[in-house]
Amino acid sequence: MNNYKIYGNNSSKELITNMISKGREPHSLIIHGEKGLGKKKLASWVAAALLCEEGSGTPCGKCKSCRMIAEGAHPDVMSPKCGPKGNYMVDDIRPIVSDAVIAPTESRMKVYIIPDLDRSVVTSVQIQNILLKLIEEPPEHTAVILTASGRETFLPTILSRVISIGAVPVSDAESAEYLEVYENADPVSAADAVSAGRGNIGRCIEYLNGGLFKSGVKAARELARAAINKNEYQILLALEQTDSSRPLLRECLCLYSEIIRDSLRIRLEGENAVTVSCDEGAAKHLATAMTSERALALYDILCSYITGIDSNSNTSLTINSLCGMLVAT
Ligand SMILES: [Zn+2]
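All values derive from a computational prediction rather than experimental measurement.

The subject of this paragraph is the coordination of the zinc ion. Taken together, Cys-52 (SG), Cys-60 (SG), Cys-63 (SG) and Cys-66 (SG) make up the full set of protein donors to the zinc ion, lying 2.3 to 2.4 Å away. Mapping the donors of the zinc ion onto the primary sequence gives the spacing C-x7-C-x2-C-x2-C. For the pair formed by Cys-60 and Cys-66, the shared burial category is buried.

See the structure below:
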């Protein structure tokens, strides 16, 4: 099994490989993209590409460096410790800046990977200010890789000094191949998971494992069907199966909003539009059943309810109010 096989994201990999093979190693990168698109895997791939003993700009997967990085045991590849929610305190980051001046012990460079910076809602700006000097004037032997769900997490002063890589979804066929090769899924289960998670391999895996995402997909699909049938009772049933669980209701509404977004995309770009939501069939149906204005209004309503859930609104009241809004829109 190749630990460094990355599905899709070819242009980003080519960019990094070209830079390294021409001796222009990137010293600071950000990798952004939604959860499940493999940002951490891509960061590890970049670290291995930088430190691989073959020096071709692509991890060989066989040398000592590549093997140690794959095992999470390379002394020159480091990540700060984080809190239970994946957030960092400023004191977790300061040691990186002082450590960066010390030469690497095993390879030609040290790589600091700081994943999910967007989870550090309170400290993100301070952390970036602490890292700014390292990013502005990096020692020859260091590279810093930051990841977050979106570019908006980063300060303009950081964005202007880094290579920015957007992690993108892969094809459904690549997702299915990944599930069969790396997760030992049988073809039927893999196809089922791919119909929900689409080109987001992380989501496909979560679906296979039967977590929150799988329950959210079921509720969102039923909500979409109920909306197509304009059946108020079915809409209420679909929302009530979240059992007023805040995370599940949020997941359901986010996934339904993606179906609406896909329906808009299909209206604008036609049947061949690239879709990512968990119910392509419903998105196609809604694209013909709803005007763009109605879909946009519905999308805005869903976003405002998601914001309300994040602000601790009462979930039972939210379900009743949303049901009325969905019927009226
Ligand atoms: Zn190697």
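In this section: the sheet that holds strand S5 (residues 163-166). As summarised here, the arrangement of the 5 strands in space is S2-S3-S4-S1-S5, forming an open sheet in which the pairing is parallel. One side of each edge strand has no neighbouring strand; the edge strands of this open sheet are strand S2 (77-78) and S5. Of the strand pairs in this sheet, strand S1 (residues 28-32) and S5 are connected by 4 bridges, and their pairing is parallel. Bridge pairing links Leu-29 to Ile-163 in S5. Sheet strands in contact with helix H1 (residues 10-21) are S1 and S5, and its direction is about 150° off that of S5. Of the strands in this sheet, S1, S2, strand S3 (110-114), strand S4 (142-148) and S5 are in contact with helix H2 (residues 39-51), which crosses S4 at around 170°.

This paragraph deals with the packing of helix H12 (residues 246-269) against helix H13 (residues 280-289). Relative orientation and spacing of two packed helices are given, respectively, by the angle between their axes and the distance between those axes. Two elements in contact, H12 and H13, have axes separated by 8 Å at closest approach and are oriented at 55°. Taken together, the axis directions place H12 and H13 in an arrangement best described as oblique. Viewed along their axes, H12 and H13 form a crossing whose handedness is right-handed. Mapping the contact onto sequence places Ile-259, Ile-260, Asp-262, Ser-263, Ile-266 and Arg-267 in H12 and Ala-282, Ala-283, Lys-284, Leu-286 and Ala-287 in H13. Of the residues belonging to the contact of H12 with H13, the class tally is 7 nonpolar, 1 polar and 3 charged.

Attention now moves to the domain arrangement of the chain. The domain architecture assigned to the chain consists of domain 1 (10-166), domain 2 (171-210) and domain 3 (213-328). Distance from the C-alpha centre of domain 2 to the C-alpha centre of domain 3: 23 Å. The interface is formed by 8 residues belonging to domain 2 together with 11 residues belonging to domain 3. Surface buried jointly by domain 2 and domain 3 totals about 900 Å² across both partners, of which 46% is contributed by carbon and sulfur atoms. For domain 2, the biggest contributors to the area lost against domain 3 are Arg-198, Arg-203 and Tyr-207; these three give 63% of the whole.

With that settled, consider helix H14 (residues 292-310). The end-to-end C-alpha distance of H14, which contains 19 residues, comes to 27 Å, matching closely the 27 Å that a straight helix rising 1.5 Å per residue would cover. Listed as buried for H14 are Ala-295, Leu-298, Tyr-299, Ile-301, Leu-302, Tyr-305, Ile-306 and Ile-309. Buried residues of H14 fall within an arc of 165° about the axis and therefore sit on the same side. Where H14 is buried, its residues meet H12 and helix H15 (315-328). Just downstream of H14, Asn-312 is the residue with a positive phi angle, here 70°.

Leu-179, Leu-223, Leu-239, Leu-253, Tyr-256, Ile-260 and Leu-326 are the most contacted members of the largest nonpolar core, which has 56 residues in total. With 10 residues, H12 is the largest single contributor of residues to this core. If you count residues domain by domain, this core takes at least three from each of domain 2 (171-210) and domain 3 (213-328). Excluding anything up to four places from it in sequence, Ile-260 contacts Leu-286, Met-290, Ala-295, Leu-298, Tyr-299 and Leu-302. Membership of the second largest hydrophobic core comes to 28 residues, among which are Ile-16, Ile-31, Ala-48 and Cys-63.

Phi is positive for Ser-244, which is not a glycine, with a value near 55°. Its location among the elements puts Ser-244 in the loop between helix H11 (232-240) and H12. With a phi angle near 70°, Asn-312 is a residue other than glycine that sits in the positive phi range. Here Asn-312 is to be found in the loop between H14 and H15. The class for Asn-312 is exposed, based on a relative accessible area of 59%.

On to the packing of H1 against H2, then. Where H1 meets H2, the closest approach of the two axes is 10 Å, and the angle between their N-to-C directions is 20°. Comparing their axes, H2 and H1 come out roughly parallel. The crossing of H1 and H2 is right-handed. Along its contact with H1, which presents Lys-13, Ile-16, Thr-17 and Ile-20, the element H2 presents Leu-42, Trp-45, Val-46, Ala-49 and Leu-50. Looking at the contact of H1 with H2 residue by residue, the class counts come to 7 nonpolar, 1 polar and 1 charged.

About the criteria used
Residues numbered from 1 in each chain as written. Predicted model: local features only at pLDDT ≥ 70, side-chain atom pairs only at ≥ 80, totals over all residues. Heavy atoms only, no water. Donors = N, O, S within 2.8 Å, 3.2 Å for Na, K, Ca; no water. Buried < 20%, exposed > 50% of the residue type's maximum accessible area, 1.4 Å probe, protein only. Pairing = 2+ DSSP bridges. Helix = DSSP H or I, 4+ residues; strand = E, 2+ residues; numbered from the N terminus. Contact = heavy atoms within 4.5 Å. Axes fitted to C-alpha atoms, helices over the stretch in contact; angles between N-to-C directions. Parallel < 35°, antiparallel > 145°, perpendicular 65-115°, else oblique. Left-handed = near helix turned anticlockwise from the far one by under 90°. Nonpolar A, V, L, I, M, F, W, Y, C, P; charged D, E, K, R; others polar. Domains from an automatic or database assignment. Buried area = accessible area lost by both parts, 1.4 Å probe. Expected span 1.5 Å × (residues − 1). Arc of directions from axis to C-beta. Core = buried A, V, L, I, M, F, W, Y, C linked by side-chain atoms within 4.5 Å.

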